[in-house]
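Residue-level structural notes
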Amino acid sequence: MTALMAKAPTSLEKTDAPTLLFRLSVGVFFIGGFLTSSVSLLVPQLKLMLALDYTQAFLVQLAFHASYLLFALPITAFIVAAGYIRAIAAGLAVMAAGCAALAVAQGSLSFVLVLGALLLLSGGQTFLQIASNTVVTVIGPSRGAARRLTLLQGFNSLGTVAGPLVSAPLLLAQVERGHEWRPAATLPFVLTALVTAVLALAYARHRKALETKHTGEGFVPTHRLFSVLSESRRLRWGTAAIFVYVGAEVTIGGLLPSVLMRPDRLGVSAVTAGQLVALYWGGAMVGRFAGAWGMRRVSEARMLLCVSLGAVVCTLGAVGCPGIAGAAMLVSVGLCNAIMYPTIYTMALPEDARAAPVASMWLCMAVVGGALVPVLTGIVADGAGLLASLVVPAACYLLIAGFAAVFREKRA
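Model, not experiment: these values are computed from the prediction. (Residues numbered from 1 in each chain as written. Predicted model: local features only at pLDDT ≥ 70, side-chain atom pairs only at ≥ 80, totals over all residues. Heavy atoms only, no water.)

What about the overall build of the chain?
A count of helices and strands for the chain gives 20 helices and zero strands. Within the chain, buried positions represent 58% of all 412 residues. Sequence-distant contacts in the chain: of pairs separated by 6 or more residues, those separated by 24 or more amount to 82%. Accessible area for the chain stands at about 15400 Å²; split by element, carbon and sulfur atoms hold 68% of it. (Helix = DSSP H or I, 4+ residues; strand = E, 2+ residues; numbered from the N terminus. Buried < 20%, exposed > 50% of the residue type's maximum accessible area, 1.4 Å probe, protein only. Contact = heavy atoms within 4.5 Å. Areas by Shrake-Rupley, 256 points an atom, 1.4 Å probe, with all protein chains shown as cover.)

Here we look at the confidence of the model for the chain
This prediction gives the chain a mean pLDDT of 82; 86% of its residues lie at or above 70. Within the chain, helix α1 (residues 2-5) has the poorest average pLDDT of any element, 34, and helix α20 (residues 391-406) the best, 96. For the stretch residues 1-14, pLDDT sits under 50, and the model shows 21 contacts to residues farther than four places along the chain or on other chains. Segment residues 212-217: pLDDT under 50, and eight contacts once partners within four positions in sequence are set aside and those in other chains are kept. (pLDDT = per-residue confidence, 0-100.)

Thoughts on helix α18 (residues 356-365)
Of all ten residues making up α18, ten are buried, and the element is well covered by its neighbours. Among the residues of α18, A356, P357, V358, A359, S360, M361, W362, L363, C364 and M365 are the ones counted as buried.

Comments concerning the environment of R207
By the element assignment, R207 lies in helix α11 (residues 207-210). In this structure the C-alpha to C-alpha distance between R207 and G83, which are 124 residues apart in sequence, comes to 9.4 Å. Setting aside chain neighbours within four positions, we find R207 in contact with I85 and R86.

A closer look at α20
Its 16 residues place the ends of α20 23 Å apart at the C-alpha level, agreeing with the 22 Å of an ideal helix rising 1.5 Å per residue. For α20, the complete set of buried residues consists of V392, P393, A394, C396, Y397, I400, A401, F403 and A404. (Expected span 1.5 Å × (residues − 1).)

Section: the pattern of salt bridges
With the rule as written, the count across this model stands at two salt bridges. Between D264 and R262 there is a salt bridge whose closest N-O contact spans 2.8 Å. Here R265 makes a salt bridge to D264, at a shortest N to O gap of 3.6 Å. Overall, D264 belongs to the partly exposed group, its relative accessible area being 33%. Because the salt bridges share partners, they merge into one network encompassing R262, D264 and R265. (Salt bridge = Lys/Arg side-chain N within 4 Å of Asp/Glu carboxyl O.)

Some points on empty space enclosed by the protein
Using the criterion set out here, one finds two cavities of 30 Å³ or more in the structure. One number sums up the size of the largest cavity: a volume of about 420 Å³. Along its surface, the largest cavity is lined by 25 residues, and G32, T36, Q129, Q153 and N156 are the ones closest to its centre. Within the residue set of the lining of the largest cavity, elements represented by two or more residues are α2 (17-40), α5 (59-70), α8 (111-138), α9 (145-172), α13 (233-261) and α14 (270-294). The element contributing the most residues to the lining of the largest cavity is α8, with five residues. (1 Å grid on protein atoms, 1.4 Å probe; cavity = no way out; pocket = protein on both sides within 12 Å on 5 of 7 lines; lining within 4 Å. Points joined across faces, edges and corners; volume = space filled by probe spheres on them.)

Focus: the side chain of R288
Assignment of secondary structure puts R288 in helix α14. Among buried Asp, Glu, Lys and Arg side chains, R288 stands out as unpaired, with E249 the closest opposite charge at 4.1 Å. In this structure R288 touches T150, Q153, G154, N156, S157, Y245, E249, N337, A338 and I339, once residues within four positions along its chain are discounted. (Lys, Arg positive; Asp, Glu negative; His and termini not counted.)

See the structure below:
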């Protein structure tokens, strides 16, 4: 990453492609994290405002993550045809439109409109999941790919910390005031719409400078998508690992406020519980910056194995330990999550950079785990109880440990 930051010119227009990409990517990763954690707060907000059960409330996450499955193939075809940077600009523009639509849907208190706006919003994020992550991976030496992506994921986590701190008082305040709707609840998404629109313009303006080496030429065609998957056992396992990782992270982020409000845990108010979620995302932020440093000394696979087993222990501990101890163990899962996504992503990608967009499509489609695992957990919570449902994300982390153990050897 030092190579990306060294000798930066004074003018943005004269900046070399890797450095310019890093600067813009900081903004993309930050606002993506802010948005993700703010959307998670819609689960307790809508559950209380509209008297939903856990299964219905987690339809928010289903809508927010479903596009990763629905739109990944056409978006990959767009990337192959137009290149990474135009795809990032397009994705940011779609996100801006989705945030604006979500603000309008919130004001109407229509659950259906909220779900539709979230689907549009996640369509834009699908562009970024495939294009932004892959550009960061292939723009520099492959040996440091996991470290580069982990460092940028640290800025994503910074956004997830800011999200609850800014959004919880706005999204959850009316829950404590007689369920009265307040227009201020739309402000987090209006703000995100403005920021993503500015970033879209920045990427569009510098598309030529950034695409000097990374255009759509020479990519594996999308009709080979199944052969790319079938030829790589590592990619298949990695796809499954991404599926369960995103599912577990989103599930805990959505359930955490409800757990913290329980009398046998912290017994705090809705707003306080929502703000305390920042500790969960904050653990991921600290862990990612620390992980980027630690990967200079410890192999990525060994680190992934340790943190995934730690997540299993912490999640199950949150079920059995009452009071502040149980709450702290569940919050600490965020620290364990820190390096999982970027490490799984880079470990799963094939060595041939020409296959990267198609391979990334599979990894991106696996993010649909953030839609399905929370709904499954919600069903368990409605049937067996909130704390018992945490066994589902614990099982997810166990599978990730299996991926790290099986593919701990470095590729040739």
